Every structure is written in C-alpha cells, then in structure tokens.
Amino acid sequence: MKKLFVNVLVAVAMVSGINAIPLEAQASAATVVSEAGVLRNGQDHFFDVAVQADPLQRLSVQCVTFHELDSVAVFVDGVQVEAKEDFGFEEFTLTFAEPIPTGKTIRVVMLNSRVQGKVLTGLAVPYRIFANYPSLSNDEFPLGTAVVRSPAKR
C-alpha cells in the first residue's frame, strides 16, 4: 500500500510539473529525435529529427565517446540541403540558412563515423541533440539522445 501511495504521489508530481514547464520548453518538446541507426554496414551513423513545433534554425550534436567523422550530410525530407557546419571537440553545430518548417524531417548522416580512431563493432554510441528556434530565443533546447548501435562483427 505504501508503494502504491508513493507511486501516486510521483505521478501527480509529474503531471503537475508538466504545467510548470515554461511555454518555450513546451514548444520545443514537440520536436523529437525520431530514429537513429547505421548506413553502409556501420560506416555511417545517422539520426532523424521530426520538426513538429516551431521552425528549427539550428541543431547541435554532442558525442562523448571520442568520436571522429569525415563529414556530415544533411537531408530534409530526403533532399540534401546545405547547412553551415561548425565543428568542436566531440560536438558539431548545423545552422540552416532558412529555418526548417514544421512537418519536415531532418536526417543528419555522419560519414565514416569512428570511435577512438576506428570503426568499432557492437558498440552503442550516444549523440545528445539540441535545437534552436528563432521564434523562441537564442537558447538551445534538448531534443533527446540518439543512440546508434553499430552492428556486431559476424
């Protein structure tokens, strides 16, 4: 009975907390990381972002596994688009010339993805994804984590 009571309290707190989230954060929460995986037998990693809220201006990606890649290809609904790329240590930012409209899906492909200098098999690589919406503020809002699992060697 005590466990049930605690679970009910947690559920009420979670529901109440949703209403306490600022409007900006609620709007950004609608855009999600919808899919992640590998291409070309694990050489390329990718993730998809479904833009379901305000138009999206910029994506920031963080990977904390000593990740390296050759380049990035960006597609919106299957059509390759140009994005300004800024690379840092274990992170990169993609800025679009025009905001990506609601209802579109962005696919980011990280070409020749390597962890610690080589393509490792059977490894889960997490990418933390953040978004920027020009209509809200210049802040970045977390969208989620894309976990790419490289295929195990056979």
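The coordinates are above.
Report follows, based on the coordinates. (Residues numbered from 1 in each chain as written. Predicted model: local features only at pLDDT ≥ 70, side-chain atom pairs only at ≥ 80, totals over all residues. Heavy atoms only, no water.)

**Some thoughts on the layout of surface pockets**
Roughly 150 Å³ of internal volume is contained in the largest pocket. What lines the largest pocket is a set of 13 residues, among which His67, Leu69, Gly88, Glu90 and Glu91 lie closest to the centre. For the lining of the largest pocket, the elements supplying multiple residues, two or more each, are β3 (56-63), β4 (67-68), β7 (84-88) and β8 (91-100). Take the lining of the largest pocket: its biggest share by element is three residues, from β3. Among the residues making up the lining of the largest pocket, the classes are represented as seven nonpolar, three polar and three charged. (1 Å grid on protein atoms, 1.4 Å probe; cavity = no way out; pocket = protein on both sides within 12 Å on 5 of 7 lines; lining within 4 Å. Points joined across faces, edges and corners; volume = space filled by probe spheres on them. Helix = DSSP H or I, 4+ residues; strand = E, 2+ residues; numbered from the N terminus. Nonpolar A, V, L, I, M, F, W, Y, C, P; charged D, E, K, R; others polar.)

**Here's the deal with the pattern of salt bridges**
Any two side chains of opposite charge can pair if their charged atoms end up close together. Tallied over the entire structure, the rule returns seven salt bridges. Two residues, Glu140 and Arg58, come together in a salt bridge whose shortest N-O distance is 3.2 Å. With Glu140 in the loop between β11 (124-132) and β12 (141-149) and Arg58 in strand β3, the pair connects residues that are 82 residues apart, well separated along the chain. Residue classification places Glu140 among the partly exposed positions, given a relative accessible area of 34%. By relative accessible area, which is 18% here, Arg58 ends up buried. Salt bridges sharing partners connect three or more residues here, namely Glu68, Asp70 and Arg114. (Salt bridge = Lys/Arg side-chain N within 4 Å of Asp/Glu carboxyl O. Buried < 20%, exposed > 50% of the residue type's maximum accessible area, 1.4 Å probe, protein only.)

**Digging into unusual backbone geometry**
In this structure, Arg40 takes a positive phi of about 50 degrees despite not being glycine. Within the secondary structure, Arg40 is located in the loop between β1 (32-39) and β2 (44-50). In this structure, Glu90 is a non-glycine residue whose phi angle is positive, near 65 degrees. Within the secondary structure, Glu90 is located in the loop between β7 and β8. Judged by its relative accessible area of 15%, Glu90 is buried.

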